[in-house]
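# Close look at the chain arrangement
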Amino acid sequence: MMEETTRKLIRREGNTQGGALLVYMGIMNAAVIVLMVISTLMQMFALFASGSSMPDLDDALINGLMEKATEISNWGYLLAIVMGLVMLLLWKKPSYFRQTILVRGKKMGVKAFLLITVIFLVGQQLFQWWYLLLDMISNSLGISLDAILESGNVDTHSVPMFLYACLLGPVAEEILFRGLVLRSLQPYGKKFAILVSSLLFGLFHGNLMQAPFAFVVGLVLGYVALEYHIWWAVVLHLINNLGFADLLPRILAFLPQGTGDLILTVFLLACTVAAVVIFILRWREVRDYWKENPTEKGTYSAFFRAPAMVIFLVITVPLMLIALPLLSLLQ
């Protein structure tokens, strides 16, 4: 039976992590909204100053205003990263980064990195299968999956979104989830820390397309951060966001139609087969690692019942679950 003192500590940790995620979500949304409002007001002021009247604001002009405002508001994501990291630095102090987040584990060898990368890339294949499953579900609801896929994709053709999604975002997310969250939960067991930080990482993405994929890759990133170093988790995150999500599609676009998709499919299937072989050969190591890091009964319950964590779950979970029917109503 878990002691009441331990239960209170875990619940306090749930409040801390839930509160930190809520603050970061609030900063990100506020930064984007504020920049959008400022941009819209400035454009409206410039139009009225030039002699335009309200009837002159036709649909084309309004769409142009919103497009420009969205372009400006995208810088809010970068602003949120800076603000979030500064607040974390002021909250936890530089010593926390040196002694906790940047703590070193085992040395990462070439063989280990290649094996982990292959396993990590299986997440891409799982994402493709998840897409097919959602496609069947959406078709049964009479809606197009393109709307769902579009809601989860980031247009990296603009400078701020490229910097956010492909470079600075992965670094900030690793510091938040594999730094603050993962390391804070580590005292209650490595398994608990990896599972919970991965779940929160998936929910943080806030959409049905990315959440399961983020959870799966979060398991690998969490293990790498704990056993090796957080910067190796950053490298893998960059491989996914910068390499697979951005650079690779740009390169494959130069190939004849269908060739790029075929190459990518064969490559991911090869990685999946290789990962299965690796797991079969090393399943005892995986089993032993799991058994060596048990979680005390009641830990999950105490953590997820923390008020701040409950609020975080209430905000993120329903939004993902209602995505499909909501889109069907909007179409």
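Overview of the structure. (Residues numbered from 1 in each chain as written. Predicted model: local features only at pLDDT ≥ 70, side-chain atom pairs only at ≥ 80, totals over all residues. Heavy atoms only, no water.)

## Looking at the packing of helix 7 (residues 190-205) against helix 8 (residues 211-227)
As a reminder of what qualifies: Interaxial angle, 0 to 180 degrees, is taken between N-to-C directions of lines fitted to C-alpha atoms, where a helix line uses only the stretch in contact. For the purposes of this entry, the term helix denotes a DSSP run of H or I that reaches at least four residues, the term strand denotes a run of E that reaches at least two, and both are numbered from the N terminus. Under this scheme an angle from 65 to 115 degrees is roughly perpendicular, one under 35 degrees roughly parallel, and one over 145 degrees roughly antiparallel; angles in between are oblique. Handedness of a helix crossing follows the sense of rotation of the near helix relative to the far helix, less than a right angle counterclockwise being left-handed and clockwise being right-handed. When checking whether two residues touch, look at their non-hydrogen atoms; a contact exists if any pair is within 4.5 Å. For this classification, the nonpolar set comprises Ala, Val, Leu, Ile, Met, Phe, Trp, Tyr, Cys and Pro, the charged set comprises Asp, Glu, Lys and Arg, and every other residue, Gly included, is treated as polar.
Between helix 7 and helix 8, the least distance of the axes is 7 Å, while the angle of their chain directions is 140°. The orientation of helix 7 with respect to helix 8, classified from their angle, is oblique. Helix-helix and strand crossings are classified by hand; for helix 7 and helix 8 the assignment is right-handed. Contact residues: Lys190, Ile194, Leu195, Ser198, Leu199, Phe201, Gly202 and His205 in helix 7; Ala211, Ala214, Phe215, Val217, Gly218, Leu219, Gly222, Tyr223, Leu226 and Glu227 in helix 8. Considering only residue class, the contact of helix 7 with helix 8 consists of 11 nonpolar, 5 polar and 2 charged.

## A look at the pattern of salt bridges
It is possible for side chains of opposite charge to pair when their charged atoms get near one another. Keep this limit in mind: For salt bridges, the criterion is a side-chain nitrogen of Lys or Arg within 4 Å of an Asp or Glu carboxyl oxygen. The rule is simple: take the accessible area with a 1.4 Å probe, protein chains only, and divide by the maximum for that residue type; under 20% is buried, over 50% is exposed, in between is partly exposed.
What the rule picks out here adds up to 5 salt bridges. Among the salt bridges present, the one from Glu4 reaches Arg7, with a minimum N-O distance of 3.6 Å. Residue Glu4 and its partner Arg7 are located together in helix 1 (residues 4-49), separated by 3 residues, close to a single helical turn. The exposure class of Glu4 is partly exposed, given its relative accessible area of 47%. A salt bridge links Asp288 to Arg287, with the nearest nitrogen and oxygen atoms 3.4 Å apart. Exposure remark for Asp288: the relative accessible area of 32% places this residue in the partly exposed category. Residue classification places Arg287 among the partly exposed residues on the basis of a relative accessible area of 31%.

## A closer look at a nonpolar patch on the surface
Test applied: Residues qualify for a patch when their relative accessible area is over 30% and they have no salt bridge, like charges being joined within 9 Å and the nonpolar side chains of Val, Leu, Ile, Met, Phe, Trp and Tyr within 5 Å. Each accessible area value is a Shrake-Rupley result obtained with a 1.4 Å probe; residue values ignore everything except the protein chains displayed when judging cover.
Among the surface-exposed residues, Val276, Phe279, Ile280, Trp283 and Val286 lie close enough to one another that they form a single nonpolar patch of about 470 Å² accessible area. Within the secondary structure, Val276 sits in helix 10 (residues 259-281).

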